[in-house]
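Remarks on the overall topology
Okay, here's what each chain looks like letter by letter:
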Amino acid sequence: MDTMVSNSQTYLKILADLIKIKSVNDHELEVAEYLQDLFQENGIEAKILPLEGQRANLVAEIGEGAPVLAVSGHMDVVDPGNLAAWDNDPFTMTEKDGKLFGRGITDMKAGLAALVIAMIELKKQGLPKKGTIRLLATAGEEVGEEGSAAFYRDHYMEDAAGLLIAEPSTVYGTASEQKGSFDIKFTSKGTSVHSSTPEKGYNALVPLMQLLNEANTYFETIPAGEMGPVRFNIDVLNGGSQINSLPDLATALVNVRTIPEYDNNQVAKQIETFVKSYNANGAQINTDLIMNEFPIATSPSNQLVKIIQSLGKEYAGRDIVVAASPGITDASNLAKDKPHDFPFAVYGPGDGSQHQVNESLPKQMYLDFIEIYQKLFIEFLEK
Ligand SMILES: [Zn+2]
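Residues numbered from 1 in each chain as written. Predicted model: local features only at pLDDT ≥ 70, side-chain atom pairs only at ≥ 80, totals over all residues. Heavy atoms only, no water.

Just so we agree on the cut-off: UniProt positions are given in the numbering used here, feature names are shortened, and annotations may be inferred rather than shown by experiment.
The name given to the chain in an unreviewed UniProt entry is Probable succinyl-diaminopimelate desuccinylase, and the organism recorded there is Pediococcus pentosaceus. As its UniProt record puts it under Catalytic activity (unreviewed entry), the chain is described as follows: "N-succinyl-(2S,6S)-2,6-diaminopimelate + H2O = (2S,6S)-2,6-diaminopimelate + succinate". Its UniProt record gives the chain the following Pathway (unreviewed entry) comment, quoted word for word: "Amino-acid biosynthesis; L-lysine biosynthesis via DAP pathway; LL-2,6-diaminopimelate from (S)-tetrahydrodipicolinate (succinylase route): step 3/3."

Dropping the structure here:
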């Protein structure tokens, strides 16, 4: 059997094994243990860094000394949703017409597997001859980003000379910047009375709805930046329990997508101004900050992007598009405090089907990225 074929069978087996692990917003420890064993079989030491419960990060390195290229992928996946809507079991990788299917195949177990396999293949060749490749496999990327927060807190990024996030980018494209994300919960308190005598009570929903409406209109007037506009999303609104009683409690969950020109601090300040003015007029509204990830904007001509543009072209069959990443990634934590020219890129296999039913990925794209990453890592470290 020729080695390319046997290799690609091994590569597919690894991906299928990862898909099988139901790391739905939890249980990343099982993925970490699988990867630790795989690394160990190939002479690479990997360390599991436990978080709460069944959650954990994993770190593994090949090579030695500076420069350090940090490469990262998350081990969690989102819920498969309505199982009946899937053509096959989402946790059994299936193949049809050159495409692979399964929950997390695009977001982002293929990207994670490609990073791991690239490191194993380089190690077999005695590479890198200079510098270190450090895998930071994270937990909890989809909700809260606690894994990357722990890596940042524990200084795993301090000596990094570059960061590659293997999240699905636009088909064979890349990104050097991403919006920030700001999650806030509003709680409005009132006094419940019978609806026939509302003057005796206070409707908790009314000032909250007015505030949200005013904020929504206000944030639409913020001029768009290089990455596009600020987005103020009212995603959840709750209040009241009965048609003839004034609600004494109302809550709202809002997600704001921020840009460097109008960042999380400015959003927080503006929301505080609104809350103060409503509270001065009788409302009792409190806010809790749930998540606060700042936008990351490195130069689209940073060194990592330049290498991706030159070596990714032959795989893409066209020039590599450098766009802003639409969603946030672990880079919000990992690339925090890095300078504008810091080599950072989001670059990974994906076909845009993340978080969808029948999530898919062209098989060739997965195999391509295993090759691309090997070349990319060495070129970054040794040139
Ligand atoms: Zn992802």
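So that's the structure; there's more coming.
Side note on the coordination of the zinc ion
Here is the rule: Donor criterion used throughout: N, O or S atom within 2.8 Å of the metal, extended to 3.2 Å for Na, K and Ca. Water excluded; incomplete-looking sites may result. Each label reflects the angles at the metal, where four donors whose angles all fall between 85 and 135 degrees are tetrahedral, four or six donors whose opposite pairs open beyond 155 degrees and whose other angles stay between 65 and 115 are square planar or octahedral respectively, and the rest are irregular. Only DSSP runs of H or I with at least four residues qualify as helices, and only runs of E with at least two residues qualify as strands; both kinds are numbered from the N terminus onward. To sort residues, take the accessible area from a 1.4 Å probe on protein chains only and compare it with the maximum for the residue type: under 20% means buried, over 50% means exposed, and anything in between is partly exposed.
On the protein side, the zinc ion has H74 (NE2), D107 (OD), E167 (OE) and E167 (OE) as donor atoms, found 1.9 to 2.6 Å from it. Considering all four donor atoms around the zinc ion, the spread of angles at the metal, 54 to 144 degrees, places the coordination shape in the irregular class. Mapping the donors of the zinc ion onto the primary sequence yields the spacing H-x32-D-x59-E. Here H74, found in strand β3 (residues 68-74), pairs with D107, found in helix α3 (residues 105-124); they are 33 residues apart in sequence, far enough to count as distant. Residues H74 and D107 agree in their burial class; the two are buried.

Re the packing of helix α7 (residues 303-316) against helix α9 (residues 363-382)
Put simply, the test is: Axes here mean lines fitted to C-alpha atoms, for a helix over just the part in contact, with angles spanning 0 to 180 degrees between N-to-C directions. Convention used here: angles under 35 degrees read as roughly parallel, angles over 145 as roughly antiparallel, angles from 65 to 115 as roughly perpendicular, and any remaining angle as oblique. Note on convention: the crossing is left-handed when the near helix lies turned anticlockwise from the far helix by less than a right angle, right-handed when the turn is clockwise. It only takes one pair of heavy atoms within 4.5 Å for two residues to be counted as in contact. We call Asp, Glu, Lys and Arg charged. Ala, Val, Leu, Ile, Met, Phe, Trp, Tyr, Cys and Pro are nonpolar, and the rest, Gly among them, are polar.
With their axes 10 Å apart at the nearest point, α7 and α9 run at an angle of 140 degrees to one another. When the axis of α7 is compared with that of α9, the two are oblique. The two elements α7 and α9 cross, and the hand of that crossing is right-handed. Within the contact between the two elements, α7 uses Q303, L304, I307, I308, S310, L311, E314 and Y315 and α9 uses D368, E371, I372, K375, L376, E379 and F380. For the contact of α7 with α9, a count of residues per class yields eight nonpolar, two polar and five charged.

A closer look at the sheet that holds strand β16 (residues 360-362)
Which entries qualify depends on this criterion: Following DSSP output, two strands are said to pair if at least two bridges run between them.
With respect to topology, three strands assemble into an open sheet ordered β4-β5-β16, the strand pairing being antiparallel. Of all strands in the sheet, those with a lone pairing partner are β4 (94-96) and β16, marking the two edges. Ignoring strand direction, the axes of neighbouring strands in this sheet form an average angle of 30 degrees. Along the sheet face, α3 touches β5 (99-101) and β16 and points at about 50 degrees away from the line of β16.

Let's talk about helix α2 (residues 28-41)
Spelled out, the test is: For a helix, the expected span equals 1.5 Å multiplied by the residue count minus one.
End to end, α2 covers 20 Å across 14 residues, agreeing with the expected 20 Å (1.5 Å per residue, within 8%). Listing the buried residues of α2 in full gives E28, L29, V31, A32, L35, L38 and F39. Among the residues trailing α2, G43 stands out with phi positive, at a value near 75 degrees.

Quick look at a nonpolar patch on the surface
The cut-off we apply is this: Patch building starts from residues that exceed 30% relative accessible area and form no salt bridge, then joins like charges within 9 Å and nonpolar side chains (Val, Leu, Ile, Met, Phe, Trp, Tyr) within 5 Å. The Shrake-Rupley method, run with a 1.4 Å probe, gives the accessible areas here. Residue values count only the displayed protein chains as cover. Salt bridge, as used here, is a side-chain nitrogen of Lys or Arg placed within 4 Å of a carboxyl oxygen of Asp or Glu.
On the surface, V206, M209 and L237 cluster together into a nonpolar patch covering about 240 Å² of accessible area. Examined against the element boundaries, V206 turns out to sit in helix α5 (residues 205-220).

A closer look at the packing of α3 against α9
Relative to each other, α3 and α9 sit at 50 degrees, their axes nearing to 8 Å. Relative to α9, the element α3 lies oblique. In the packing of α3 onto α9, the handedness of the crossing is right-handed. Residue-level contacts link A110, G111, A113, A114, L115, I117, A118, M119, E121 and L122 of α3 to Y366, F369, I370, Y373, Q374, F377 and I378 of α9. Residues belonging to the contact of α3 with α9 are distributed by class as follows: 14 nonpolar, two polar and one charged.

Quick look at the environment of V305
The topology assignment puts V305 in helix α7. Given the relative accessible area of 0%, V305 is considered buried. The spatial distance from the C-alpha of V305 to the C-alpha of Y347 is 9.0 Å, given a sequence separation of 42 residues. If sequence neighbours within four positions are ignored, V305 has contacts with T174, S176, P300, V322, F344 and A345.

Considering the layout of surface pockets
If a probe as big as a water molecule is rolled over the atoms, it shows which places are left empty. Here is the rule: Grid points spaced at 1 Å over the protein atoms alone were grouped into cavities, where a 1.4 Å probe fits but cannot get out, and pockets, open sets with protein on both sides within 12 Å along at least five of seven lines, with lining residues defined by an atom within 4 Å of a point. Grid points are joined across faces, edges and corners, and a volume is the space filled by probe spheres set on the points.
Here the largest pocket defines a volume of roughly 760 Å³. Contributing to the lining of the largest pocket are 37 residues, with E142, R257, G327, I328 and H355 lying nearest its centre. Those elements giving two or more residues to the lining of the largest pocket turn out to be β8 (174-178), β9 (180-189), β11 (249-258), β12 (284-293) and β14 (322-325). For the lining of the largest pocket, the element with the most residues is β11, which contributes four residues.

Focus: the UniProt feature "domain: Peptidase M20 dimerisation" (unreviewed entry) in the chain
Mapped onto this numbering, the UniProt entry annotates "domain: Peptidase M20 dimerisation" (unreviewed entry) at residues 177-281. Taken as a whole, residues 177-281 contains 31% helix and 30% strand, while its terminal C-alpha atoms sit 41 Å from one another.

Quick look at the pairing of β8
Among the five residues of β8, five are classified as buried, and the element is accordingly described as predominantly covered. In terms of strand pairing, β8 meets β14 through four bridges, oriented parallel. When the sheet's bridge partners are listed, T174 is paired in β14 with V322. Bridge count for β8 against strand β13 (residues 296-297) is two bridges, and the pairing is antiparallel. Across the sheet, the residue bridging to Q178 is I296, located in β13.

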